[in-house]
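Here is what each chain is made of, one letter per residue.
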Amino acid sequence: MDRKPLASKLFDDTVQRDFAKLSGDFNPLHMDPIYARRTQMGKALVHGVNTLLWGLDAVLSKRPEMVPVQVRARFLKPLYVGESAMIFLTARPNPTEKLIEIETSGTVIAEIVIHLEAGALATPVADRVDTAPSASPSPIELTAEQMAGRTGAVPLASVDACAAAFPALAVAIGPQRVGALLATTRVVGMECPGLYSLYSGLAITLNGQPKDTLRYAVTRYDHRFRAVRIEVSGGGVNGLLETFFRLPPTAQPSISEVMARVDPRAYVGQRALIVGGSRGLGEVTAKIIAAGGGHPIITYASGRAEAQAVADDIHAGGGICDILHYDVRKAAKPQLKALSKPATHLYYFATSQIFLRKSSLHEPRGLREFIAFYVDGFAALCEVMAAAYPKGLRVFYPSSVAVNQPVKGLGEYAMAKAAGELLCDHLVSFLPGLSVVVKRLPRILTDQTATVALAEAEAALDIMLPIVAEMAAQAGVPAGGSPHKGMALASISNEARKPPSTSSRG
Amino acid sequence: MDVLLKVFAEVLNVDQASLNDDSSPDNTIQWDSLKAMHLVVAIEEAFTIELSTAEIMSMRTIGTARAVLRKKGAAV
């Protein structure tokens with residue numbers, strides 16, 4: 001039986017900005033797409049509390065008798081700015097509970113259970129906090145050591161603004177309590193955990209102390225998951241917030257750290273185009289080549305400042321590096337006109353967001369996106385560059401162990417990488433002089449893979465040092481560097497092949 | 001009453017009858033990495049124990065979770 005949504009809403013930039021002004025939560029994960037790109041989420045997120053309050057307000061506007069005494073919410077999956085969401089209301093076996101599900105594109109992104117009857121939640125630590133409210137204009141950057149035992153308070157939004165934004169909810173529970181619920185996202189996104197925060201859920205009773213600030217106190221920090229539990233009390237509510245202390249953007253080694261591990265003449269004569277060179281594997285590869293006397297040209301699609309920062313670091317170490325805007329989804333030739341000389345090497349690290357929000361085991365849209373990056377964009381670039389450097393363009397294609405070691409949630413990614421491997425064989429067979437090194441890389445610690453969950457990851461520098469050395473050695477450029485020992489990779493290498501005798505090549 | 005299955009059912013928000021010792025992230029779509037963390041916290045609170053990182057990473061099914069808990073003296 002098809003369910004009918006109770007309401008739907010588009011969460012666009014205007015909605016996002018208005019909510020940030022109302023709540024006081026201007027965390028860049030919500031407000032800055034360039035910043036959000038460097039998190040595992042990949043794009044700016046709608047505030048979870050925005051979907052919560054919208055959900056409650058929409059339900060109460062249709063069913064005003066469902067006045068909650070307690071609200072429990074889990075923010076399960078990201079809702080991105082620019083997306084629409086729908087609300088579904090479901091009865092529960094317990095008649096005093098109702099389930100609100102917020103969905104987008106068939107995926108439940110938030111579960112909200114409203115309790116029409118409930119016992120109290122104890123928040124003894126937050127109840128005792130007696131601190132003047134903080135109204136920090138930018139999110140506080142905390143360390144893990146600062147998290148345990150942290151306390152504070154934040155102001156509440158004006159009751160008039162709360163009543164205007166969520167009228168049905170304000171009538172049901174009072175505008176001050178709406179302000180208190182809003183204030184929870186200010187606590188999480190601006191105060192604690194602050195800059196590197198992820199709000200995952202809450203359990204709030206709506207009959208707490210009617211103070212005019214929301215006090216908070218960290219009562220548990222689980223270092224295994226970087227999970228932070230926070231008691232809150234004030235504004236007529238009290239309860240618990242479940243949050244995570246995200247890893248900051250992954251910092252790759254500096255040029256001076258890389259130089260300590262590379263022979264300074266190892267890559268002299270090499271001009272390497274490094275697609276996706278502004279961070280992660282591309283950044284590390286650029287530094288290795290520059291440290292070895294080579295000339296990397298790193299490309300960026302949107303992170304110009306980051307690409308320039310990598311180039312500046314290399315220049316500070318005495319190396320050469322240029323930057324180039326390049327979008328793999330657009331035609332290759334016009335974008336490469338800015339290159340003064342053809343490149344001798346190509347490292348292709350272009351990628352879309354790897355970990356997708358999924359509603360089923362296989363997502364055709366996700367596969368098409370990966371194919372665009374890992375197959376179509378790669379093929380187009382190789383054809384142009386191989387024609388420009390017929391002496392023998394040397395290419396590195398990073399595949400993944402996910403191709404032969406299935407990982408839940410990465411089926412589409414693995415399929416596209418497998419297609420990329422086959423493409424490499426095809427290109428080598430029919431593009432004169434082209435040779436490709438393909439490696440199935442293990443999970444490597446980059447922005448894309450930095451997660452609060454338990455996961456092992458390799459360091460990018462350790463992975464790329466022997467690969468860059470192999471790329472140089474097989475091209476006739478003297479090999480050098482300090483290959484990392486004891487590393488086991490499944491590798492598939494395609495060497496340059498003689499053209500078939502039946503085809504004519506120039 | 002199977003307390004362990006009850007914990008899993010509540011955290012994953014599924015019917016307890018749909019779970020068994022072979023249930024894992026591979027065959028239970030609700031069991032993703034975020035829920036996995038909530039499961040660890042819920043199990044620790046339900047059985048008043050603390051799990052090491054190695055123990056957590058070994059708990060790939062409900063059955064292996066049960067084995068870990070038994071080894072720690074929990075009545076499962």
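Residues numbered from 1 in each chain as written. Chains lettered and ligands numbered in written order. Predicted model: local features only at pLDDT ≥ 70, side-chain atom pairs only at ≥ 80, totals over all residues. Heavy atoms only, no water.

**Some remarks on the overall build of chain A**
Thinking step 1. If you tally the helices and strands in chain A, you get 16 helices and 17 strands.
Thinking step 2. A principal-axis box enclosing the C-alpha atoms of chain A has dimensions of 80 × 50 × 40 Å.
Thinking step 3. In chain A, which comprises 506 residues, the proportion classed as buried is 55%.
Thinking step 4. Look at the contacts in chain A between residues 6 or more apart in sequence, and 72% of them connect residues 24 or more apart.
Thinking step 5. Accessible surface for chain A amounts to roughly 20900 Å². Of this, 55% is attributable to carbon and sulfur atoms.
Thinking step 6. With 52 positive and 45 negative side-chain charges, chain A shows a spacing of 4 Å between the two charge centroids. (Helix = DSSP H or I, 4+ residues; strand = E, 2+ residues; numbered from the N terminus. Buried < 20%, exposed > 50% of the residue type's maximum accessible area, 1.4 Å probe, protein only. Contact = heavy atoms within 4.5 Å. Areas by Shrake-Rupley, 256 points an atom, 1.4 Å probe, with all protein chains shown as cover. Lys, Arg positive; Asp, Glu negative; His and termini not counted. Charge placed at Lys NZ, Arg CZ, Asp CG, Glu CD.)

**Describing the pairing of strand 10 (residues 237-245) of chain A**
Regular strands place their side chains on alternate faces of the sheet.
Residues and elements named next belong to chain A.
Thinking step 1. Strand 10 sits mainly inside the fold: seven of its nine residues count as buried.
Thinking step 2. As defined by bridge partners, strand 7 (residues 197-205) adjoins strand 10 across eight bridges and the pair is classed as antiparallel. Across the sheet, Ser197 pairs through a bridge with Phe245, a residue of strand 10.
Thinking step 3. Relative to strand 10, strand 9 (residues 227-234) is paired through eight bridges, and the arrangement is antiparallel. Within strand 10, the position partnered with Val232 by the bridge is Gly239.
Thinking step 4. What sits between the antiparallel neighbours strand 9 and strand 10 is a turn of two residues, in which Gly235 has the positive phi angle 65 degrees. (Pairing = 2+ DSSP bridges.)

**Brief notes about helix 11 (residues 280-291) of chain A**
All names here are of chain A.
Thinking step 1. Across its twelve residues, helix 11 extends 17 Å between first and last C-alpha, which sits within 8% of the 16 Å expected from 1.5 Å per residue.
Thinking step 2. Of all twelve residues in helix 11, twelve are buried, a share of seventy percent or more.
Thinking step 3. Among the residues of helix 11, those classed as buried are Gly280, Leu281, Gly282, Glu283, Val284, Thr285, Ala286, Lys287, Ile288, Ile289, Ala290 and Ala291.
Thinking step 4. Phi for Gly293, located one or two positions after helix 11, is positive at around 90 degrees. (Expected span 1.5 Å × (residues − 1).)

**What to know about the packing of aromatic side chains**
Residue and element names in this part refer to chain A.
Thinking step 1. All told, the structure shown has twelve aromatic pairs over all chains when counted by the stated rule.
Thinking step 2. Summarising the aromatic geometry, the rings of Phe75 and Tyr199 are spaced 5.2 Å apart at their centres and angled 85 degrees between planes, so their arrangement reads as edge-to-face. Placement of Phe75 in strand 2 (residues 70-75) and of Tyr199 in strand 7 is noted, with a sequence separation of 124 residues between them.
Thinking step 3. For Phe75, a relative accessible area of 10% puts it in the buried group.
Thinking step 4. Classification of Tyr199 by relative accessible area gives buried; the value is 13%. (Phe/Tyr/Trp six-rings, centres within 6.5 Å; stacked < 30°, edge-to-face > 60°.)

**A closer look at the environment of A:Ala338**
Thinking step 1. The residue A:Ala338 is located in the loop between helix 13 (332-336) and strand 14 (345-348) in this model.
Thinking step 2. Along the backbone, A:Ala338 and A:Pro248 are 90 residues apart, and their C-alpha atoms lie at a distance of 34 Å.

**Some thoughts on the interface of chain B and chain A**
Thinking step 1. Counting residues at the interface gives 22 residues for chain B, matched by 19 residues for chain A.
Thinking step 2. Each partner contributes to the roughly 1700 Å² buried at the junction of chain B and chain A, and carbon and sulfur atoms together form 58% of this total.
Thinking step 3. Counting the surface chain B buries against chain A, the share from its top three residues, B:Asn13, B:Leu34 and B:Met37, is 31%.
Thinking step 4. Where chain B packs against chain A, one counts three salt bridges. (Buried area = accessible area lost by both parts, 1.4 Å probe. Salt bridge = Lys/Arg side-chain N within 4 Å of Asp/Glu carboxyl O.)

**Details of the pairing of strand 12 (residues 295-300) of chain A**
Residue and element names in this part refer to chain A.
Thinking step 1. Burial runs high along strand 12: six of the six residues are buried.
Thinking step 2. Pairing of strand 11 (residues 271-275) with strand 12 involves four bridges; the strand directions are parallel. The partner of Arg271 across the bridge, within strand 12, is His295.
Thinking step 3. Once the chain exits strand 11 it traverses helix 11 before rejoining the sheet at strand 12, and the crossover so formed is right-handed. (Right-handed = clockwise from strand over helix to strand, strands pointing away.)

**Quick notes on the pattern of salt bridges**
Thinking step 1. In the structure shown here, the tally under the stated rule is 22 salt bridges over all chains.
Thinking step 2. Note that B:Glu45 is salt-bridged to A:Arg229, the shortest N-O span being 3.1 Å. On the criterion of chain membership, the pair formed by B:Glu45 in helix 2 (residues 33-47) and A:Arg229 in strand 9 is interchain, its members lying in two chains.
Thinking step 3. Taking relative accessible area as the criterion, B:Glu45 reaches 45% and is therefore assigned partly exposed.
Thinking step 4. The partner of A:Lys287 in a salt bridge is A:Asp313, and the shortest N-O contact between them spans 3.2 Å. Of this pair, A:Lys287 sits in helix 11 while A:Asp313 sits in helix 12 (residues 304-316), and the two are 26 residues apart along the sequence.
Thinking step 5. Since its relative accessible area comes to 23%, A:Asp313 is described here as partly exposed.
Thinking step 6. Where salt bridges share partners, they join A:Arg220, A:Asp222, A:Arg224 and B:Glu44 into one cluster.

**Observations concerning helix 12 of chain A**
All names here are of chain A.
Thinking step 1. In a regular helix each residue adds 1.5 Å, so 13 residues correspond to 18 Å; helix 12 covers 18 Å between its end C-alpha atoms and thus fits that length.
Thinking step 2. Buried residues of helix 12: Glu306, Ala307, Val310, Ala311 and Ile314, and no others. Relative to the axis of helix 12, the buried residues are bounded by an arc of 140 degrees and lie together on one face. With respect to the buried face of helix 12, the exposed residues turned more than 90 degrees away are Ala305 and Ala316.
Thinking step 3. Structurally, helix 12 contributes buried residues whose contacts are with helix 10 (255-259), helix 11, strand 12 and strand 13 (322-325).
Thinking step 4. Positioned one or two residues after helix 12, Gly318 has a phi angle of 90 degrees, which is positive. (Arc of directions from axis to C-beta.)

**Re the confidence of the model for chain A**
Thinking step 1. Taken over all residues, the pLDDT of chain A has a mean of 88, while the share at 70 or more is 91%.
Thinking step 2. Under a pLDDT of 50 for its full length, residues 476-506 of chain A has, in the predicted model, 65 contacts with residues more than four places off or in other chains. (pLDDT = per-residue confidence, 0-100.)

**A closer look at the sheet that holds strand 3 (residues 83-91) of chain A**
Strands pair in a sheet through their backbones, by hydrogen bonds, and they do so in one of two ways: parallel or antiparallel.
Residues and elements named next belong to chain A.
Thinking step 1. The sheet built from ten strands is open, its strands ordered 1-3-4-5-2-7-10-9-8-6 with antiparallel pairing. A strand with exactly one partner marks an edge of an open sheet, and here the two such strands are strand 1 (7-11) and strand 6 (151-155). Looking at each pair of strands side by side, their axes are set apart by 25 degrees on average, direction ignored.
Thinking step 2. Examined bridge by bridge, strand 2 and strand 7 share five bridges and lie antiparallel to one another. (Axes fitted to C-alpha atoms, helices over the stretch in contact; angles between N-to-C directions.)

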